[in-house]
Amino acid sequence: MASEAASSSTPPLGKYLASTDKKTRDKAIKNLAAFLSDPSRDALPKTEMAKLWKGIFYCFWMSDKPLVQQALATEIAEILLTITKLSVSLEFLRGFWETTVREWNSIDRLRIDKYYMLVRRFVNASFRLLMRAEWDEDACREYNSILTDRGGPLCPEDQRVPTSLAYHLADIYLEELDKAYGNPPSPSPLPAPLTTLMAPFFTLAARTPTSTTYQRIQSALLDPLYEALSTSHDSDEPSRKRPRLSTPSFSNVIPNACSTRPKDEGALSSSALKKILLEKMFEIASEPDTRDSNRRKLYALWKEHTEDDDEDSGSREVDGS
């Protein structure tokens, strides 16, 4: 089957990926990696990618022991970096998210934790993929569209998206970015464009109709990020506010981050970066599509985190109506 899969114009059939025999599934995953990593191969048509990912989803479904699950989750996610064409990698990633969103509600409580783990592995691999591509602007734009288009896990207009996926992404996003910088795919990676990477969450926080989704994004992602930036800045300049003891420092990525253009900007100071991120959040909060209740919360968050850092910004007039 290995030689056939590598040379065929179609990927291994779903029946091999979802086989009850572990050896058959393992062989199918290896054949799949070889098939997709062929440099002469373009991205699969959307319908073929959907069929392929349904097979992969149930291949992972059939894995039953923790160590087997961990190894398989890593192997599947690493296919993103095995593929030689960036465009094909991103289409493979889109297939992952569309299938995950579509199938999420079918996952029972005994299997949900391993799918959370698979999501974590893909988030980490996605960051390393973009890092390897030197945060190419078009690739980052496509990555954000994968997350925010209909069928993506951060689409505020798609009511089919399970809220638990957005919660999980908010919980792990910066943690996995920090891990990626702790183990980069190449030495001396370019700074992470944090404004670009945070934009989908700013938009979801602005437009979500669910107050619990907004609150999760703020408590799990926005507050820890701003506090980490303040803590890094406060190592040189004391602040009136004391950070929470449990606040993560994101010590790998905070010193190696920029706004949107890594090659032009280089690594920005934490105080400058915090100011830019708050301005972007304010800008999105001011858009006409932002829900009024969310606008007020985002303005309050902006005001809270600018008080100690920028007296000029503190004088900006905010209309919370």
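As the structure is a prediction and not an experimental result, all values here were calculated from the model.

**Comments concerning the overall build of the chain**
Reasoning step 1: What the chain contains, in helices and strands, is 15 helices and 2 strands.
Reasoning step 2: Relative to its full complement of 321 residues, the chain shows a buried share of 49%.
Reasoning step 3: Residue pairs at least 24 apart in sequence account for 72% of intrachain contacts in the chain once pairs closer than 6 positions are excluded.
Reasoning step 4: Working note: accessible area of the chain is about 15100 Å², and carbon and sulfur atoms make up 49% of it.

**A word on the pattern of salt bridges**
Reasoning step 1: If you walk through the whole model with that rule in mind, you get 27 salt bridges.
Reasoning step 2: For Glu137, the salt bridge is made with Arg141, and the minimal N-O distance between the two is 3.2 Å. Highlighted residues: Glu137 and Arg141, both in helix α8 (residues 137-148), separated by 4 residues, approximately one helical turn.
Reasoning step 3: By relative accessible area, which is 47% here, Arg141 ends up partly exposed.
Reasoning step 4: Close ionic contact of Glu287 with Arg207 constitutes a salt bridge, the shortest N to O distance being 3.4 Å. Pair noted here: Glu287 is in the loop between α13 (270-285) and α14 (292-306) and Arg207 is in helix α10 (residues 194-207), with a separation of 80 residues, a long-range link.
Reasoning step 5: Judged by relative accessible area, Glu287 falls into the partly exposed class, the value being 26%.
Reasoning step 6: Each of Arg120, Glu175, Glu176 and Lys179 takes part in a single network of salt bridges with overlapping partners.

**Details of the packing of helix α7 (residues 112-132) against α8**
Reasoning step 1: Packing of α7 against α8 brings their axes to within 9 Å, and their N-to-C directions diverge by 160°. One element, α7, and the other, α8, form an angle in the roughly antiparallel class. Along this stretch, α7 crosses α8, giving a crossing that reads as right-handed. Contact residues: Ser126, Phe127 and Leu130 in α7; Ala139, Cys140 and Tyr143 in α8.
Reasoning step 2: Considered class by class, the residues forming the contact of α7 with α8 number 5 nonpolar, 1 polar and no charged.

**Points about unusual backbone geometry**
Reasoning step 1: Positive phi, close to 50°, is recorded for Trp135, a residue that is not glycine.
Reasoning step 2: Look at Trp135 and you get buried, because its relative accessible area is 3%.
Reasoning step 3: Even without being glycine, Ser188 reaches a positive phi, approximately 50°.
Reasoning step 4: The topology assignment puts Ser188 in the loop between α9 (163-182) and β1 (192-193).
Reasoning step 5: For Ser188, a relative accessible area of 72% puts it in the exposed group.

**Some thoughts on the packing of aromatic side chains**
Reasoning step 1: With the rule as written, the count across this model stands at 18 aromatic pairs.
Reasoning step 2: Ring centres of Phe92 and Phe122 lie 6.4 Å apart, and the angle between their planes is 40°; on these two criteria the pair is classed as tilted. Residue Phe92 is found in helix α6 (residues 86-103), and its partner Phe122 is found in helix α7; the two are separated by 30 residues along the sequence.
Reasoning step 3: Ring pairing ties together the aromatic residues Trp53, Phe92, Phe96, Trp97 and Phe122, which thus form one cluster.
Reasoning step 4: Positioned over the ring face of Phe35 is Arg41, at 3.8 Å from the centre of the ring.
Reasoning step 5: Directly above the aromatic system of Phe60 lies the positively charged group of Lys114, at a separation of 5.5 Å from the ring centroid.

**Digging into the environment of Arg132**
Reasoning step 1: Considering the arrangement of structural elements, one finds Arg132 in helix α7.
Reasoning step 2: The class of Arg132 is partly exposed, set by a relative accessible area of 39%.
Reasoning step 3: Considering only alpha carbons, one finds Arg132 and Pro184, 52 residues apart in sequence, at a separation of 8.3 Å.

**Quick notes on the confidence of the model for the chain**
Reasoning step 1: In the predicted model, the chain carries a mean pLDDT of 89, and the fraction of residues at 70 or more is 87%.
Reasoning step 2: Counting interchain partners and residues more than four positions distant, the pLDDT-below-50 stretch residues 311-316 has 6 contacts.

Cut-offs and rules
Residues numbered from 1 in each chain as written. Predicted model: local features only at pLDDT ≥ 70, side-chain atom pairs only at ≥ 80, totals over all residues. Heavy atoms only, no water. Helix = DSSP H or I, 4+ residues; strand = E, 2+ residues; numbered from the N terminus. Buried < 20%, exposed > 50% of the residue type's maximum accessible area, 1.4 Å probe, protein only. Contact = heavy atoms within 4.5 Å. Areas by Shrake-Rupley, 256 points an atom, 1.4 Å probe, with all protein chains shown as cover. Salt bridge = Lys/Arg side-chain N within 4 Å of Asp/Glu carboxyl O. Axes fitted to C-alpha atoms, helices over the stretch in contact; angles between N-to-C directions. Parallel < 35°, antiparallel > 145°, perpendicular 65-115°, else oblique. Left-handed = near helix turned anticlockwise from the far one by under 90°. Nonpolar A, V, L, I, M, F, W, Y, C, P; charged D, E, K, R; others polar. Phe/Tyr/Trp six-rings, centres within 6.5 Å; stacked < 30°, edge-to-face > 60°. Lys NZ or Arg CZ within 6 Å of the ring centre and 35° of its normal. pLDDT = per-residue confidence, 0-100.

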